Amino acid sequence: VSTQSTWVVTYISAKPITKIVMYMAFGTGLAVFFVAYMGCIAAFFVSIVGLVIHSVLLTAMLVGVVVSGIVINHYGDKLEADASDLRVSLSERWVHQVRHNPKAVCTLQSLFECTGLTYACRARYHAQCPLNCDVTNSLYERPCLRAAKELWDSHWIYVGGVGLVASSSFFVLLVLELLVICLPRCVKKVLVEPTGVCPGGSARRASLNRRIEVMNRVGP
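Residues numbered from 1 in each chain as written. Predicted model: local features only at pLDDT ≥ 70, side-chain atom pairs only at ≥ 80, totals over all residues. Heavy atoms only, no water.

**Remarks on the overall build of the protein**
- Secondary structure summary: the protein contains eight helices and zero strands in total.
- The helix and strand sequence of the protein, counted from the amino end, reads α-α-α-α-α-α-α-α.
- Across the protein, contacts joining residues at least 24 apart in sequence account for 59% of those joining residues at least 6 apart.
- Here the protein displays about 15500 Å² of accessible surface, and carbon together with sulfur accounts for 69% of that area. (Helix = DSSP H or I, 4+ residues; strand = E, 2+ residues; numbered from the N terminus. Contact = heavy atoms within 4.5 Å. Areas by Shrake-Rupley, 256 points an atom, 1.4 Å probe, with all protein chains shown as cover.)

Following this line, the structure appears as structure tokens:
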């Protein structure tokens, strides 16, 4: 069996939520590749504007990863502790969506292979069960809040690891890029321009100018 066939079989047999994660990972990879390619082009042509834009994009990605990690960890801890305020808030929103947008709730139940939020709909119908959704209502036994908790318990370490690696990589790249932008100017200022940082800067500058004149007279 070829590798391509294996990937096709894996994709077809994957759960809907797994396919969504694959799409998100593919899109994130494309975004990172685009930003990295832009940084390489800017560095190759020594474009300060391009490097600054690349630094801004890296900063935005770093902030996005950190903020997302904080939010996910916050709600993950509440989900793990089965916080009553989270349960009440989610129940109110769930019932609102069941009344006004039942198709979206059916889709969500199919993705997570669950039914209802805090109580399953298989045994009896209640306010958390969307209409015209008999297949998922009768197919799955676990409520969606329990499914989300089980998903968090089994995947939080992977989510945290990916977030840590991504944020560390973006931070290191950002520091290196700032050095690429600032270092040449700092070196030029110390070696050529008279500054307090470099005692005798004017004499050193004059000596450097004399060397350049001698090199121009001698020629290649």
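From this point, things continue past the structure.
**A short note on the packing of helix H4 (residues 84-100) against helix H5 (residues 102-112)**
- Closest axis-to-axis distance for the H4/H5 pair is 5 Å, and the angle between their directions is 120 degrees. By the angle class used here, H4 and H5 are oblique. Residues Trp-94, Gln-97, Val-98, Arg-99 and His-100 of H4 lie in contact with H5, whose contacting residues are Pro-102, Val-105, Leu-108 and Gln-109.
- Partitioning the contact of H4 with H5 into residue classes produces five nonpolar, three polar and one charged. (Axes fitted to C-alpha atoms, helices over the stretch in contact; angles between N-to-C directions. Parallel < 35°, antiparallel > 145°, perpendicular 65-115°, else oblique. Nonpolar A, V, L, I, M, F, W, Y, C, P; charged D, E, K, R; others polar.)

**Considerations on the pattern of salt bridges**
- One pass over the structure, following the stated rule, counts one salt bridge.
- Measuring nitrogen to oxygen at the nearest pair gives 2.5 Å for the salt bridge that ties Arg-142 to Glu-150. (Salt bridge = Lys/Arg side-chain N within 4 Å of Asp/Glu carboxyl O.)

**A word on H5**
- Every buried residue of H5 is accounted for by Val-105, Cys-106, Gln-109 and Leu-111.
- Phi turns positive, to about 55 degrees, at Glu-113, one or two residues after H5. (Buried < 20%, exposed > 50% of the residue type's maximum accessible area, 1.4 Å probe, protein only.)

**Details of unusual backbone geometry**
- Unusually for a residue other than glycine, Glu-113 sits at a positive phi of about 55 degrees.
- For Glu-113, the location among the structural elements is in the loop between H5 and helix H6 (134-139).

**Things to note about helix H3 (residues 48-81)**
- Over its 34 residues, H3 runs 49 Å from end to end, which matches the ideal 50 Å to within 8%, given 1.5 Å per residue.
- Taken together, the buried positions of H3 are Gly-50, Leu-51, His-54, Ser-55, Leu-58, Met-61, Leu-62, Gly-76 and Leu-79. (Expected span 1.5 Å × (residues − 1).)

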